[in-house]
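# Topology and contacts: notes
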Amino acid sequence: MAVWTYDGWVMGVPDELIRHSQAEWLRLYEVGSMCEPPPDIDAIALANCIINSAPVVIGMTEPRERADYARYAYRISRELIGDERADQLNFPPGNRFPTLPWLRAQEHLKRRLGKFLPLMRTTRRRRSFTHLLGLTDLGEAGISYRLPDHVRSDASSRW
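Below or above, wherever it landed, is the structure these notes cover. (Residues numbered from 1 in each chain as written. Predicted model: local features only at pLDDT ≥ 70, side-chain atom pairs only at ≥ 80, totals over all residues. Heavy atoms only, no water.)

Now for the side chain of Ser77. Within the fold, Ser77 resides in helix 4 (residues 63–81). Looking at Ser77, the relative accessible area reads 19%, which means it is buried. Within the structure, the side chain of Ser77 is placed 2.8 Å from the backbone oxygen of Ala73, a separation counted as a polar contact. When neighbours within four sequence positions are excluded, Ser77 is seen to be in contact with Ile51, Gly82 and Phe91. (Helix = DSSP H or I, 4+ residues; strand = E, 2+ residues; numbered from the N terminus. Buried < 20%, exposed > 50% of the residue type's maximum accessible area, 1.4 Å probe, protein only. Polar contact = N/O pair within 3.5 Å; in protein donor to acceptor, adjacent residues only side chain to side chain. Contact = heavy atoms within 4.5 Å.)

Here you go:
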C-alpha cells in the first residue's frame, strides 16, 4: 500500500485521491467498483487469453504442465478479484482451498526460518534473484537490448 501511495504521488495523482491506509484504499476500490460496468465479451476474452497464455510466455512446453499452471493462475486470480467478478469473466469454478493465505503462510515461515538459519536465507535470496533474472532474459524471444543507430527509424539499420 505504501508503494502504491508513493507511486500515485510521483505520477501526480491529486491529493484528494491519495489514500494512506489499506482501509482507505479498500473503500476507494469499493466505490470505484460500484461505478464499473460488468465486463463485456472483449474483457472476458482478454482475461482468459492472458491467463491461458501465461504458461507459454514463461516457457512451459508440456501441454499437461501448461494446463496445470493455467488452473493455478485461475485459482489465484479468482481469489484476488473475488468470485463475483471471476464468474463475470467466465473463469472456471474455484475450489474452496484458500490458496493466497497458504502462500502467505509459506513465505512467512520461510522468512522466520531464514532468521535462524542464515545459510537458508542467503540461498533463498540468491535463488529468487536468479529466478528473476531468468524471467527477464528475453534473448530467446528475439528481443534485443541494442539501441537504434539513427534517430529516425526509417534511416536506422535493423536493431
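Viewed as axis vectors pointing N to C, helix 4 and helix 6 (residues 99–116) meet at an angle of 100°, and their least axial separation amounts to 9 Å. When the axes of helix 4 and helix 6 are compared, the pair comes out roughly perpendicular. On the side of helix 4, the interface is formed by Tyr72, Arg75, Ile76, Glu79 and Leu80, while helix 6 contributes Thr99, Leu100, Pro101 and Leu103. (Axes fitted to C-alpha atoms, helices over the stretch in contact; angles between N-to-C directions. Parallel < 35°, antiparallel > 145°, perpendicular 65-115°, else oblique.)

Ile44, Ala47, Ile51, Ala73, Tyr74, Ala86, Leu89 and Phe91 together form the largest nonpolar core, which totals eight residues. Of all the secondary structure elements, the ones that give two or more residues to this core are helix 3 (41–57) and helix 4. Looking at this core, the element that brings in the most residues is helix 3, giving three residues. Sequence-distant contacts of Tyr74, that is, excluding residues within four places in its chain, are made with Asn48, Ile51, Asn52, Phe91 and Pro92. (Core = buried A, V, L, I, M, F, W, Y, C linked by side-chain atoms within 4.5 Å.)

Its 18 residues give helix 6 an end-to-end C-alpha distance of 26 Å, which sits within 8% of 26 Å, the value for a rise of 1.5 Å per residue. All of the buried residues in helix 6 are Thr99, Leu100 and Gly114. Buried residues of helix 6, seen end-on, are gathered within an arc of 100° and therefore sit on one face of the element. Among the exposed residues of helix 6, those pointing more than 90 degrees away from its buried face are Leu109, Lys115 and Phe116. (Expected span 1.5 Å × (residues − 1). Arc of directions from axis to C-beta.)

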